[in-house]
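Each chain, letter by letter, is given below.
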Amino acid sequence: MAEAFKQEIEKRRTFAIISHPDAGKTTLTEKLLLYGGAINTAGSVKGKANSKYAVSDWMGIEKERGISVTSSVLQFHYSDFCINILDTPGHQDFSEDTYRTLMAADSAVMVIDASKGVEAQTIKLFKVCVMRHIPIFTFINKMDLEARDSFELLDEIENVLGIRTCPINWPIGAGKRFKGVYDRNTKKVSTFQAVSVGGAKSAEETEYHVDDPALKELVGDELFDQLHEEIELLDGASDAFDQELVDKGELSPVFFGSALTTFGVETFLEHFLRMTQSPLARTSDIGMIDPVEEPFSGFIFKIQANMNKAHHDRIAFMRIASGKFDASKDVYHVQSGRKLKLSQPQQIMAQERKVIEEAYAGDVIGVFDPGIFSIGDTLCTPGKKFTYEGIPTFAPEHFCRVVQLDSMKRKQFNKGVTQLAQEGAIQIFQDYSLGLSEIIVGVVGVLQFDVLKYRLENEYGCDIRLEPLPYNYIRWVKDPSTDLTSLKRISDCKKVKDMKDNPLLLFANEWSIRLLLEHNEGLELEEFKKN
Ligand code: G4P
C-alpha cells in the first residue's frame, strides 16, 4: 500500500511549456498528448478560431476563458509515467496567471522557433523559471522551415538568457534541406522525410549509424561532411551533459525537431522523462516539505472567476505538493484557520473536466473557492499547520488611472477593485501622496483591462473610465522605509504605493531605471515582490 502510494507520486512529472506566441507550443503539446493517447486527432487542444477573438469582445473572452479553464492542465500517461502539462496562456491571454502557473511546475520546456531564436515573451517566462531554479529544456522547433545557424542559436540562448546549453541531438540541414537529427549519445541519425498523410504533415524516419555510407548517399557529401565537422566541434567545445546542473536549472538540454511533422518529439519526450525528476520538495515556513513523507498538502496558485454571473463562483487551482488528496476528507485552510471539505474537486484530462475522488503530489486540481482563498494560500491535513512560500507578485507592464464615473458608488467600487485584486486579476496601487483618491491599476496583459471594466460594471454595478498612463516598468523599492520624495532624478517616474503601503516606482523605460539607480547610491529595486 505504502509502496503503491510512493509509486504514484514518483511516476508524476509536472511541467509547463513556455514560448513566444507562434513558436509551436500548442503543436508540441498536441503531439505529446497524441503519444499519450489522450487525444485522437491533432487540432484538439485549442480551436484556432477561438483563440483569435476581438479583444473587447467579452463574450468571446468568456468562451475563450472557458477553454482556458478546461485546458489549464493536461494529464496523460506515457509508458510508466503520469504527465501533467500546465498550460501557460499566451497571445492576448497573457497575464499574471501565466507567470503564476510556472510556480506550480517542476520543470519547463522552452520552445524556440528556429528561424527567430529567443523572443520577448520567452525571455519574460524564462526569468521566472530561473528565479525558481527549475530545470529548463529547450526544443528548437520548425527545423523543416528555413532556420538560423544552430551554433548561433545556442550562442543566443546562452548570451541572452544566461543559461548554458548541452545539445542532446543535432540537426542536419534545415528547411528544404532538413535531413534529420543526429543523437550524440547513440551516434545514430534519424533521417527526416516529409510526407503528407491524409492532408496532415508528417515525417518518415529511418535510422542510420553516423558513419554509414548509406547515410552519406542519402544526405549528400556536403551535409555529411558538415555533420562530421560539427560533431567534432560540439564534442570539443560544448558543455558536457551534467544531470546536477540540469536539476539546478543551470544547463539546458537542447533538442532539435519539427513539432508539426512530429519529428523529434518522441525522442524529446523520452529523454525529458529520463532527465526530469518526480515532484520536488517545496519550501515552507517549517522547512522543506517532502512530497512523499508528508501527508496531503497543497497551495493555490491561480484563481479564476467563474463566468456564470448569477453565482459569482470562483475556481481555485491547487498544486498538490505532498501526499494524497482524498475528496472525502476534510482539509485545513491555514490562512483562515478553517477546516473544510473541498467541493467538487476536478481534474482536467485533455478536454474533459471530471470530478475526482483522489489525486497525488504533482497533480493540479481545480476546487470551488468558498470565497476564502487567496493566491498563495496553503491547504494541508488537519492537525498540521505550515505555510508554503508565497507566490510572488509579478511586475505589471501596463498601467491605467481608474476614474469612477458615479461617485455615489464609491463603496461598490472599492469592494470590486479590492476583490478583483485579491483574486489576482489585477494589481492596484495608490498615488504616493494623493493616496486612495487616485487609484492606478496595473496588469501584465492588456486583456485584463477589459476584464476589469466588464466585471466592475456587471458584477458591482460601477462604470469606470480607464486612462492609460505612459509607463511600462514597475519596480518595488527593496527597503520599504525609503522615502521616495527624498530620491534624486525622480521627476520622470511616478511614485506609488501598493495596498500594503510598499513604495514603488513606475518608469517609462529601462533607461530611466538605470538613471535613477546611478543617482541614488544604495537604492535597490526589485522586479518581483516575494509574498
Ligand atoms: P503557439 O502555440 O506557440 O502559439 O504556436 P502553434 O503551435 O499554434 O504554432 C504556430 C504556427 O506554427 C501554426 O501554424 C503551426 O502549424 C506552425 N508550426 C508549429 N510547429 C511547426 C513545425 O515544426 N514546422 C512547421 N512548418 N510549422 C509549425 P498556423 O498556420 O498559424 O496555424 P495552423 O493553421 O497550421 O494551425
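What counts, and where the lines are drawn
Residues numbered from 1 in each chain as written. Predicted model: local features only at pLDDT ≥ 70, side-chain atom pairs only at ≥ 80, totals over all residues. Heavy atoms only, no water. Helix = DSSP H or I, 4+ residues; strand = E, 2+ residues; numbered from the N terminus. Buried < 20%, exposed > 50% of the residue type's maximum accessible area, 1.4 Å probe, protein only. Contact = heavy atoms within 4.5 Å. Areas by Shrake-Rupley, 256 points an atom, 1.4 Å probe, with all protein chains shown as cover. Axes fitted to C-alpha atoms, helices over the stretch in contact; angles between N-to-C directions. Parallel < 35°, antiparallel > 145°, perpendicular 65-115°, else oblique. Nonpolar A, V, L, I, M, F, W, Y, C, P; charged D, E, K, R; others polar. Patch = residues over 30% accessible without salt bridge, like charges linked within 9 Å, V, L, I, M, F, W, Y side chains within 5 Å. Salt bridge = Lys/Arg side-chain N within 4 Å of Asp/Glu carboxyl O. Lys, Arg positive; Asp, Glu negative; His and termini not counted. Charge placed at Lys NZ, Arg CZ, Asp CG, Glu CD. Core = buried A, V, L, I, M, F, W, Y, C linked by side-chain atoms within 4.5 Å. Pairing = 2+ DSSP bridges. Right-handed = clockwise from strand over helix to strand, strands pointing away. Phe/Tyr/Trp six-rings, centres within 6.5 Å; stacked < 30°, edge-to-face > 60°. Lys NZ or Arg CZ within 6 Å of the ring centre and 35° of its normal. pLDDT = per-residue confidence, 0-100. Disulfide = S-S within 2.5 Å.

**Points about the overall build of the protein chain**
Counting its secondary structure elements, the protein chain contains 13 helices and 33 strands. For the protein chain, the spread of C-alpha atoms along the principal axes amounts to about 80 × 60 × 45 Å. Taking all 531 residues of the protein chain together, the buried fraction comes to 54%. At a minimum sequence separation of 6, the contacts of the protein chain that also span at least 24 residues come to 71%. Roughly 23,200 Å² of accessible area belongs to the protein chain as shown, and the carbon and sulfur atoms make up 48% of that amount.

**Some thoughts on the packing of helix 2 (residues 25-36) against helix 10 (residues 265-275)**
Where helix 2 meets helix 10, the axes come as close as 10 Å, and the angle between the chain directions of the two elements is 75°. Accordingly, the angle class assigned to the pair helix 2 and helix 10 is roughly perpendicular. On helix 10, the residues that touch L28, K31, L32 and Y35 of helix 2 are V265, E266 and L269. Along the lines of polarity and charge, the residues of the contact of helix 2 with helix 10 split into five nonpolar, no polar and two charged.

**With respect to a negative patch on the surface**
On the surface, E205, E207, E266 and E270 cluster together to form a negatively charged patch. By the secondary structure assignment, E266 is in helix 10.

**Some thoughts on the nonpolar core**
For soluble globular proteins, the rule of thumb is that nonpolar side chains tend to be buried together. Judged by nonpolar contacts, the single largest core of 82 residues is most densely connected at F325 and F373. Ranked by the residues each element gives to this core, the list is headed by strand 15 (residues 314-322), at six residues. Core analysis: the second largest hydrophobic core is formed by 29 residues, L33, L74, I83 and V111 among them.

**Comments concerning the sheet that holds strand 29 (residues 473-477)**
Reading across the sheet, the eight strands line up as 28-25-27-26-30-31-29-32 and stay open at both edges, with antiparallel pairing between neighbours. Because the sheet does not close on itself, it has two edges, and the strands there are strand 28 (464-469) and strand 32 (525-526). Across two bridges, the pairing between strand 29 and strand 32 is antiparallel. Residue pairing in the sheet places W476 in a bridge with E526 of strand 32. Against the sheet, helix 13 (residues 510-519) contacts strand 29, strand 31 (503-507) and strand 32, and its axis sits at roughly 130° relative to strand 31.

**Focus on the pairing of strand 4 (residues 107-113)**
Burial analysis of strand 4 places seven of its seven residues in the buried class, the great majority of the element. Here strand 1 (residues 12-19) pairs with strand 4 via five bridges, running parallel. Note on strand 4: the bridge partner recorded for A16 is A108. Two elements, strand 4 and strand 5 (residues 136-141), share six bridges in a ladder whose sense is parallel. Bridged to I112 within strand 5 is I140. Taken together, strand 4, helix 5 (residues 120-132) and strand 5 form a β-α-β motif whose crossover is right-handed.

**Section: the packing of aromatic side chains**
The relative placement of two aromatic rings is captured by the distance of their centres and the angle of their planes. Inspection of the entire model under this criterion finds 18 aromatic pairs. Where F5 meets Y360, the ring centres are 6.3 Å apart and the plane angle is 50°; that geometry is what we call tilted. Linking F5 in helix 1 (residues 2-10) with Y360 in strand 21 (residues 358-360), this pair joins segments that are 355 residues apart in sequence. A relative accessible area of 22% means that F5 is categorised as partly exposed. Centre to centre, the rings of W170 and F256 are 5.3 Å apart; their planes meet at 75°, and the pair counts as edge-to-face. Of this pair, W170 sits in strand 7 (residues 169-172) while F256 sits in strand 11 (residues 251-256), placing them 86 residues apart in sequence. Overall, F256 belongs to the buried group, its relative accessible area being 0%. Following the ring pairs from residue to residue traces out a cluster consisting of F15, F137, F139, F255, F268 and F272. The ring of F317 has K302 lying over it, and the distance from NZ or CZ to the ring centre is 5.0 Å.

**Regarding unusual backbone geometry**
Of note in the backbone geometry, K187 takes a positive phi value of approximately 60° without being a glycine. Tracing the chain through its elements places K187 in the loop between strand 8 (180-183) and strand 9 (188-197). According to the relative accessible area criterion, K187 is partly exposed, its value standing at 38%. In this structure, R489 takes a positive phi of about 55° despite not being glycine. Residue position: R489 is located in the loop between strand 29 and strand 30 (494-498). According to the relative accessible area criterion, R489 is partly exposed, its value standing at 48%.

**Concerning the environment of G257**
Here G257 shows up in the loop between strand 11 and helix 10. Residues within four places of G257 in sequence aside, it is in contact with F139, I140, N141, K142, M143 and F263.

**Brief notes about the confidence of the model for the protein chain**
Residues of the protein chain with pLDDT of at least 70 account for 90%, and the chain-wide mean is 88. Segment residues 46-62 is flagged for pLDDT under 50; beyond a separation of four residues in sequence, or across chains, it makes 27 contacts in the model. Taken as a whole, residues 64-71 scores under 50 in pLDDT and shows 19 contacts with residues more than four places along the chain or in a different chain.

**Points about the state of the cysteines**
Taken as a whole and judged by the stated rule, the model has zero disulfides. In this structure C129 is not part of a disulfide, and its nearest cysteine sulfur, from C166, lies 19 Å away. On the basis of relative accessibility, which here comes to 1%, the residue C129 falls in the buried class.

**Focus on the pairing of strand 31**
Sheet faces and side chains relate simply in a regular strand, where the side chains alternate between the two faces. Most of strand 31 sits inside the fold, with five of its five residues counted as buried. On strand 31, burial covers both faces: P503, L505 and F507 on one face and L504 and L506 on the other are all buried. In terms of strand pairing, strand 29 meets strand 31 through four bridges, oriented antiparallel. The residue bridging I474 from the neighbouring strand is L506, located in strand 31. Relative to strand 31, strand 30 runs antiparallel, the two sharing four bridges. When the bridges of strand 31 are listed, V496 appears paired with L504. Hairpin remark: strand 30 followed by strand 31, antiparallel, with four residues in the connecting loop; positive phi at D501, about 70°.

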